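Chain by chain, the residues:
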Amino acid sequence: MFYKEVSEGQKVEIPGEIVKRSSRSKANLPEYSYPSPDKAALADKALTVTERLAVQYGPARWSRKDPLSMLVDIILSHRTRDQQTAAAYAALRNRYATWEDLRDAPTAEVEATIQGVTWPELKAPRLQALLRRITAEQGSLNLDFLKDWPVEEGAEWLNRLQGVGPKTTACVLLFSCRKPILPVDTHVHRVSIRLGLIGPKVTAEAAHGLLQALLPNEAQTIYNFHKGLLRHGQQVCVYDGPRCQQCVLRDICGYYRQVVLPKTRTLA
Ligand code: SF4
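Residues numbered from 1 in each chain as written. Predicted model: local features only at pLDDT ≥ 70, side-chain atom pairs only at ≥ 80, totals over all residues.

Asks: How should the site of the ligand be read in this particular structure?
Replies: Around the ligand, the surrounding shell holds 14 residues, and the nearest of these are C237, P242, C244, C247 and C253. Broken down by secondary-structure element, the contributors of at least two residues to the shell around the ligand are helix 10 (186-195) and helix 13 (254-267). Per element, the largest residue contribution to the shell around the ligand is three residues, and it comes from helix 10. For the shell around the ligand, the class distribution of residues is eleven nonpolar, no polar and three charged. (Near = placed C-beta within 6 Å. Helix = DSSP H or I, 4+ residues; strand = E, 2+ residues; numbered from the N terminus. Nonpolar A, V, L, I, M, F, W, Y, C, P; charged D, E, K, R; others polar.)

The following block contains the structure:
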């Protein structure tokens, strides 16, 4: 059976034959994979991007949240601005002394507590269901065991949970467990495509594996790449009109070379 993730954690079933045919025909096309067969050159470029953005925005700092707290935080953050996410997380922490208290609270009360995030009516029951399932499976409400597991096993374990998609899984394992796994959010996805690290039709889900394969298997570098592209996507390489004249990546950017420069020359 095959599923397509229509949003983080929301999957719809699609016929297997369609998936098999389309993935077979598209997987090797540059638009759906790497834009160049020279993977070593792409890996060098990914490292240069990481280093320049670490200088620009500073190296990524590790979170002090334990993996379960990070899971709660990331679920709150879906399609929600950082400020609202932080406010909702703080509200949960203030209202409930422990995550067990959140798990056992009336759902309407939880929904009211996180009302500043997008879709509180979905996130409140989803959070509580997740906490109940973890308790049932582990015998306690704790995900610290993921720190000791190999990254692939941890990812598989988290990905099974209802409402937990590849991005959430990677965030928990990288940010809290310091495992070498790359989360790809909308900014990382967009900036990577513009730079020419991946083809223009690579989905966010496929980008996880393609981009990670360009990076060293080392958590701090992967974290710097993620945070650097995230901040760059929020501040410079924004969705609607990238500010290329302010960008430290102009000389290695495919979008700048192919789209912006020709326009500048035409105007000159
Ligand atoms: S040069 Fe422009 S398009 Fe390329 S990464 Fe920088 S801001 Fe984005």
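Asks: I would appreciate a short explanation of unusual backbone geometry in the present structure.
Replies: Trans peptide bonds make up most of the peptide bonds, and negative phi angles are found at most residues other than glycine. Phi angles above zero are rare outside glycine, and R79 is one such case at about 55 degrees. Its location among the elements puts R79 in the loop between helix 3 (67-77) and helix 4 (82-95). Positive phi is not limited to glycine here, since W119 has a value of about 55 degrees.

Asks: Is there a simple way to explain the environment of A204 in this structure?
Replies: Examined against the element boundaries, A204 turns out to sit in helix 11 (residues 204-212). For the pair A204 and P183, spaced 21 residues apart in sequence, the C-alpha to C-alpha distance is 9.6 Å. Dropping the residues within four chain positions of it, A204 is found in contact with V184 and H189. (Contact = placed C-beta atoms within 7 Å.)

Asks: Before we go on, may I ask you to explain the nonpolar core in this structure?
Replies: Inside soluble globular proteins, nonpolar side chains tend to come together where they are buried. Formed by 59 residues in total, the largest nonpolar core has its most connected members in L71, V72, V172, L173, L174 and L211. It is helix 3 that provides the largest number of residues to this core, a total of seven residues. With residues near it in sequence (within four places) discarded, V172 still touches P67, M70, L71, I74, L158 and C177. (Core = buried A, V, L, I, M, F, W, Y, C linked by C-beta atoms within 7 Å. Buried ≥ 20, exposed ≤ 12 C-beta atoms within 10 Å, placed from the backbone.)

Asks: When you look at helix 11 in this model, what are you seeing that I'm missing?
Replies: An α-helix turns once per 3.6 residues; consequently, residues spaced three or four apart project the same way. Among the residues making up helix 11, those that are buried are A207, H208, L210 and L211. Looking at the buried positions of helix 11, the neighbouring elements they touch are helix 9 (166-176) and helix 10.

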